[in-house]
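# A closer look at the structure
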Amino acid sequence: MQRLAPPISGPLVCASTANIACDLREQAGLVPWTHSAHAISSSLATTGAIIGMIGLALAAHRHRIWPLLARTGPTLVALELAATLWTLAAVATFTTGRGTFALGIAQRLQVALIACWLVVLARSVATQRHT
């Protein structure tokens, strides 16, 4: 059976945090551009989500709309910021060769908290009373 070469573009061909050979390939620039695109798009998406979370939580509190979001929004934002700091610390420790510091768990926590916040926002909008 013939092995196929990894694609030139497309999804990540390997996970550098889980595979030392992949990490070495990435450091040598021998992975597709999608590896860099993944890092950039993830950073932009997380930054956008955090800005949206903060802005809408502040608006809910300031304008006294969406009581559920006004109550739980600040906690979810604080937890999201903590998960993001954990992710950044894990990336830094990985980059310096000191381990992954549970990077995958930190990233999953970030996504889960954003999803929880979206559920709270949806519930708040759905139950909003019109005057």
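No experiment lies behind these values; they were computed from the predicted model shown. (Residues numbered from 1 in each chain as written. Predicted model: local features only at pLDDT ≥ 70, side-chain atom pairs only at ≥ 80, totals over all residues. Heavy atoms only, no water.)

### Observations concerning the packing of helix α2 (residues 34-62) against helix α4 (residues 103-126)
Rule in force here: Orientation is described by axes fitted as lines to C-alpha atoms, over the contacting stretch for helices, and by angles from 0 to 180 degrees between their N-to-C directions. Going along the chain from the N terminus, every DSSP run of H or I of four or more residues is numbered as a helix, and every run of E of two or more is numbered as a strand. Throughout, a crossing is termed right-handed when the near helix is turned clockwise from the far one, and left-handed when it is turned anticlockwise from it by less than a right angle. Contacts are assigned to residue pairs that have any heavy atoms within 4.5 Å of one another. Lys, Arg, Asp and Glu make up the charged group, whereas Ala, Val, Leu, Ile, Met, Phe, Trp, Tyr, Cys and Pro make up the nonpolar group; the residues left over, Gly among them, are polar.
At a closest axis distance of 11 Å, the pairing of α2 and α4 adopts a crossing angle of 35°. The interaxial crossing formed by α2 with α4 has left-handed handedness. Residues Thr46, Ala49, Gly52, Met53 and Leu56 of α2 form the contact with α4, whose own contacting residues are Gln110, Ile114, Trp117 and Leu121. When the residues that make up the contact of α2 with α4 are grouped by side-chain class, the tally is six nonpolar, three polar and no charged.

### Overview of the packing of α2 against helix α3 (residues 67-95)
When two helices pack together, their arrangement is given by the angle between the helix axes and the distance between those axes. For clarity, the cut-off: Here the angle decides the label: under 35 degrees means roughly parallel, over 145 means roughly antiparallel, 65 to 115 means roughly perpendicular, and every other value means oblique.
At their nearest, the axes of α2 and α3 sit 9 Å apart, and the two run at 155° to each other. Relative to α3, the element α2 is oriented roughly antiparallel. Crossing angle aside, the handedness with which α2 passes α3 is left-handed. In contact with Thr46, Ile50, Met53, Ile54, Leu56, Ala57, Ala60 and His61 of α2, α3 contributes Leu69, Ala70, Gly73, Leu76, Val77, Glu80, Leu81 and Thr84.

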